[in-house]
Amino acid sequence: MGQASLTRHRRPETNGPVTLLLLQYLFPGWTITRDERGIWRAGGRIAISASDVGGLLGLLAVADPDAARRAVSLLREKK
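Residues numbered from 1 in each chain as written. Predicted model: local features only at pLDDT ≥ 70, side-chain atom pairs only at ≥ 80, totals over all residues. Heavy atoms only, no water.

(A) The arrangement of the sheet that holds strand β2 (residues 40-43) in detail. Sheet architecture is open: three strands sit in the order β1-β2-β3, paired in antiparallel fashion. Each edge of the open sheet is held by one strand with a lone partner, namely β1 (31-34) and β3 (47-50). Pairwise comparison of adjacent strand axes, ignoring direction, gives a mean angle of 15 degrees for this sheet. Here β1 pairs with β2 via four bridges, running antiparallel. Looking at the pairing, Thr33 lines up with Arg41 of β2. Of the strands in this sheet, β1 and β2 touch helix α1 (residues 16-26), which is tilted by about 170 degrees from β1. Packed onto the sheet, helix α2 (residues 53-63) meets β1, β2 and β3 and runs at close to 150 degrees relative to β3. (Pairing = 2+ DSSP bridges. Helix = DSSP H or I, 4+ residues; strand = E, 2+ residues; numbered from the N terminus. Axes fitted to C-alpha atoms, helices over the stretch in contact; angles between N-to-C directions. Contact = heavy atoms within 4.5 Å.)

In structure tokens, the structure reads:
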């Protein structure tokens, strides 16, 4: 009988300060912070927050689709 693994596949941790700088560059119209509990917040026309950076990006894309398109354009690899 095989033994079940108790380890879970986890996402790699993000480097908070570097991620924060990148988000501030990509979304200059927003004030983006991460609090002491790890909650990501963005303030612009509205205030949004998420428990992880992926969630914040999803909310930013909905709240400011033009900024999200600009961010994608900046990250797209030039050929």
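(B) Seen up close, α2. All of the buried residues in α2 are Val53, Leu56, Leu60 and Ala63. Seen from one end, α2 has its buried residues packed into an arc of 85 degrees, which puts them on one side. As for α2, its buried residues are in contact with α1, β1, β2, β3 and α3 (65-75). Measuring from the side-chain oxygen of the N-cap residue of α2 to the backbone nitrogen of Gly54 gives 3.3 Å; that N-cap residue is Asp52. (Buried < 20%, exposed > 50% of the residue type's maximum accessible area, 1.4 Å probe, protein only. Arc of directions from axis to C-beta. Polar contact = N/O pair within 3.5 Å; in protein donor to acceptor, adjacent residues only side chain to side chain.)

(C) Layout of α3. Among the residues making up α3, those that are buried are Ala67, Ala68 and Ala71. The buried residues of α3 occupy an angular sector of 100 degrees when the element is viewed end-on, so they sit on one face. Of the exposed residues in α3, those oriented more than 90 degrees away from the buried face are Asp66 and Arg69.

Function-wise, these values are silent; they only describe arrangement.
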